[in-house]
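# Structural overview for review
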Amino acid sequence: MEFAEVIRRRRMVRHFADRPLSSDVIERILASALRAPSAGFSQGWAFLALTDAADRARFWPFVPTRVAQTPTMQDAPLVVVPLAHKAAYLSRYAEADKGWTDRSEARWSAPYWYVDTGMASLMMLLTAVDEGLGACFFGIMPMAGDDFDPEVEVPAHTAAFKAEFAIPDEYAPIGGICIGYRADDLPPQNPAIAGRRRGVESVIHHGQWGRQH
């Protein structure tokens, strides 16, 4: 598929056909994430790929609102959970060639461990389109009544999810991606989305803020 067509066709697809993916397609999608840029080539990411139906069945209870709103997302044969590894970035930039002498998080202008893992996620979303598939990125949101105490580093819901899949403490899930063939009866995109879509003239500023051309 032409790249411009991949960009044009990319959208969040939430309705999937109950149809398997070949292992080759899955490997291409997963491998594409490794081509994303990362600060200092830290590559502070990992990806939990759920291809077995039993493993996906263990996953969906952690996103009950998503399941309740769109149960057909569970038909996707591939679920990927991108994981950010902050310590990898702090360690990389404490190395001699970067010039920092400590691992202070305060030096960072933005949490690039999340930024870079997000870009790796986008690589998988685009590769899915190129393979003729649909995909959707969604959050693994805390449940009602979850512990929001700022002194607690990891909310109880996140901790339970990580424990279920034996994810090491230093990795943080940034969301989930479900990938598969679009359902034959995929509903048309909500026309309200087109109405909310911001145009180039409202988001691109040439030379200085407010200059449109």
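Refer to the structure above for everything that follows.
Computed from a prediction, not measured in an experiment: that's the story for all the values here.

## Overview of the layout of surface pockets
Each pocket or cavity is described by its volume, and for the second largest pocket that value is around 340 Å³. In terms of lining residues, the second largest pocket is bounded by 14 residues, among which R11, M12, R14, Q189 and I193 are the most central. For the lining of the second largest pocket, a count of residues per class yields 6 nonpolar, 4 polar and 4 charged.

## Details of the packing of helix α2 (residues 23-32) against helix α6 (residues 112-130)
With their axes 7 Å apart at the nearest point, α2 and α6 run at an angle of 145° to one another. For the pair α2 and α6, the sense of crossing is right-handed. Counted together, R28, I29, L30 and S32 of α2 and M123, M124, T127 and A128 of α6 form the full contact between these two elements. Partitioning the contact of α2 with α6 into residue classes produces 5 nonpolar, 2 polar and 1 charged.

## Some words on unusual backbone geometry
For F41, which is not glycine, the phi dihedral falls at a positive 50°. You can see F41 is positioned in the loop between α2 and β1 (45-50). Here the phi dihedral of Q43 falls at roughly 50°; this positive angle occurs in a residue that is not glycine. Of note, Q43 is situated in the loop between α2 and β1.

Conventions and cut-offs
Residues numbered from 1 in each chain as written. Predicted model: local features only at pLDDT ≥ 70, side-chain atom pairs only at ≥ 80, totals over all residues. Heavy atoms only, no water. 1 Å grid on protein atoms, 1.4 Å probe; cavity = no way out; pocket = protein on both sides within 12 Å on 5 of 7 lines; lining within 4 Å. Points joined across faces, edges and corners; volume = space filled by probe spheres on them. Nonpolar A, V, L, I, M, F, W, Y, C, P; charged D, E, K, R; others polar. Axes fitted to C-alpha atoms, helices over the stretch in contact; angles between N-to-C directions. Helix = DSSP H or I, 4+ residues; strand = E, 2+ residues; numbered from the N terminus. Left-handed = near helix turned anticlockwise from the far one by under 90°. Contact = heavy atoms within 4.5 Å.

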